[in-house]
Each structure stands twice: as C-alpha cells, then as structure tokens.
Amino acid sequence: FIPFFDIINFKKTTQYETILHALGKKTEVMKQVIPEREHQKSINSSRLHVGIWILLISMSIAFQSWLPVLYFLLPNFYGITLKRLFGLTQHTGLKDNIKDHRYSTRTMHLNPIFSFLYWQMEYHCEHHMFPMVPSYNLKKLHEAVKDQMPRPKSSLWDAYKEIIPAVIKQSKDPNYILKVNLPTEIN
C-alpha cells in the first residue's frame, strides 16, 4: 500500500510488460497465459498502447501542460493504491473455487466518494452473481436480493476487521477460511 511504489518498482508493473511486448519481446507471462496464435495480437495491442502513451507525453510537451499525463497516464500509478485497498476486500479470507459466490465474495458499504471511485464494486457479491448488471445499478440489485445474501460489511474498516485476522490465521493454517452466514431459506 505504499503510494507510487509502482513507479519505484517499475519492472514489476503491467506497464513494463506492455513496453516489452511492444518491443516484440515475449515475456514469461505472455508465454504462460496467451495462446501462441494470439501472441502477435498481444504485441500489436501493446504497440497501440505505447503509441497512445507517447502521444499523451508529446501533447503534454507541446501544450506545456501536465494535464494529459496527469489525467491519462498517472492514474495507473496513483490509483493503484485505491485499487489495492478496495480490491483486497473482494475475496480475501473467503472460500475459493466454489460456484455459490455468496461464499467467495464480500459486499460492503462505502461512503459516496469511495463508492464512486470504486465504481460501486463494493456490491461485489452481487456483481459476481449477476455480472451483466452495470455497476451503476448494483446498489438497486443489492436492495432487491439482500434478503438472500450474507450480511454486508458496514464499512471498509469493518471488512478489514474480518480480513486481517483471517490472513494471519491463513499464514499459519492455509486451509482456514472465513465462515459465511447465509440467511435461512424460506420454504
């Protein structure tokens, strides 16, 4: 959670991988996760991305303004802190490889600013169960199905009060998972 750590540790970022791919280098990630027949598409896509980055940097120089870089390139670096902070709340400590997403994802309530920045993905269980619902409608969906879902965490802090002890327990016992209480079914 160190802000701007990705700039310091640039060689571990997806942006670095993208640059390598744009140069035609096949990284281990590319070899492992992209089918051989799709490698050239990945290289071309990376070249397009790098071209856009160069265009934005050129625009910043030409207009003598940081705004193109600030609004289009740097969010990948300063926004990553928020992404990690919220992203860990989605599945950490919960069951893996189960079809019922109520056991493997977590819903929480956020303040309106965090909710906007996180694209309403705090309704993460609902998002997994109904992935075609646009993020701006997840709150409405939550209200419609909340009687069938586990009780949501009341805040980011409430989620971390559950996550931190679970991670500590999992470091000692890899089989430990958080118990999720579902509402009783009505017959």
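Summary of the structure given here. Going along each chain's sequence as written, the residues are numbered from 1 onward. Restriction of local features to residues with pLDDT of at least 70 applies here, the model being predicted, together with a cutoff of 80 or more for giving and counting side-chain atom pairs; totals for whole chains, interfaces and linings are based on all residues. Side-chain numbers here rest on the full set of heavy atoms in the structure, without hydrogens or water.

1. Focus on unusual backbone geometry
One non-glycine residue, Trp119, lies in positive phi territory at about 55°. Tracing the backbone through its elements, the reader meets Trp119 in the loop between helix 7 (112-117) and helix 8 (124-129). Despite not being glycine, Gln120 has its phi angle at roughly 60°, a positive value. Along the polypeptide, Gln120 turns up in the loop between helix 7 and helix 8. Only DSSP runs of H or I covering at least 4 residues are called helices, and only runs of E covering at least 2 are called strands; the numbering of each starts at the N terminus.

2. With respect to the nonpolar core
A general tendency of soluble globular proteins is for nonpolar side chains to be buried together. Within the largest apolar cluster, 15 residues are counted, with the highest numbers of intra-cluster contacts made by Phe86, Met108, Leu110, Tyr118, Leu138 and Leu156. Among the secondary structure elements, those contributing two or more residues to this core are helix 9 (138-145) and helix 10 (156-172). By residue number, the principal contributor to this core is helix 10, which donates four residues. When checking whether two residues touch, look at their non-hydrogen atoms; a contact exists if any pair is within 4.5 Å. When neighbours within four sequence positions are excluded, Met108 is seen to be in contact with Phe86, Thr89, Tyr118, Glu122, Pro152, Lys153, Ser155, Leu156 and Ala159. Residues enter a nonpolar core if they are buried and are Ala, Val, Leu, Ile, Met, Phe, Trp, Tyr or Cys, with the set joined through side-chain atoms within 4.5 Å. Using a 1.4 Å probe on the protein chains alone, a residue whose accessible area is under 20% of its type maximum counts as buried, one over 50% counts as exposed, and one in between counts as partly exposed.

3. Some remarks on the side chain of Thr18
By secondary structure assignment, the location of Thr18 is in helix 2 (residues 14-22). Take Thr18: its relative accessible area is 17%, and that puts it in the buried class. Contacts described as polar in this section are N or O atom pairs within 3.5 Å, which, within protein, must combine one atom able to donate a hydrogen with one able to accept it, while residues neighboring in sequence count only if both atoms come from side chains. At a separation of 2.8 Å, a polar atom in the side chain of Thr18 contacts the main-chain carbonyl oxygen of Thr14.

4. Comments concerning the packing of aromatic side chains
Classification of ring pairs rests on two measures: the distance between centres of Phe, Tyr or Trp rings, Trp counted by its six-membered ring, which must be within 6.5 Å, and the angle between planes, read as stacked under 30 degrees, edge-to-face over 60 and tilted in between. A complete count under the given rule lists three aromatic pairs for this structure. Between Phe86 and Phe114, the ring centres sit 5.2 Å apart and the planes meet at 70°, which makes this aromatic pair edge-to-face. Of this pair, Phe86 sits in helix 6 (residues 75-91) while Phe114 is found in helix 7, placing the two residues 28 residues apart along the sequence. Classification of Phe114 by relative accessible area gives partly exposed; the value is 27%. Arranged with centres 4.8 Å apart and planes meeting at 35°, the rings of Phe86 and Tyr118 form a pair that is tilted. Taken together, the positions of Phe86 in helix 6 and Tyr118 in the loop between helix 7 and helix 8 put the pair 32 residues apart, joining distant regions of the chain. Look at Tyr118 and you get buried, because its relative accessible area is 11%.

5. Quick look at the pattern of salt bridges
Only one rule defines a salt bridge in this text: a Lys or Arg side-chain nitrogen within 4 Å of an Asp or Glu carboxyl oxygen. What the rule picks out here adds up to eight salt bridges. Between Glu28 and Lys31 there is a salt bridge whose closest N-O contact spans 3.8 Å. Taken together, the positions of Glu28 and Lys31, both in helix 3 (residues 28-33) and three residues apart, correspond to about one turn of that helix. For Arg106, the salt bridge goes to Glu162, with nearest N and O atoms at 2.9 Å. Pair noted here: Arg106 is in the loop between helix 6 and helix 7 and Glu162 is in helix 10, with a separation of 56 residues, a long-range link. When salt bridges with common partners are traced through the structure, they connect Arg37, Glu38 and Lys41 into a single cluster.

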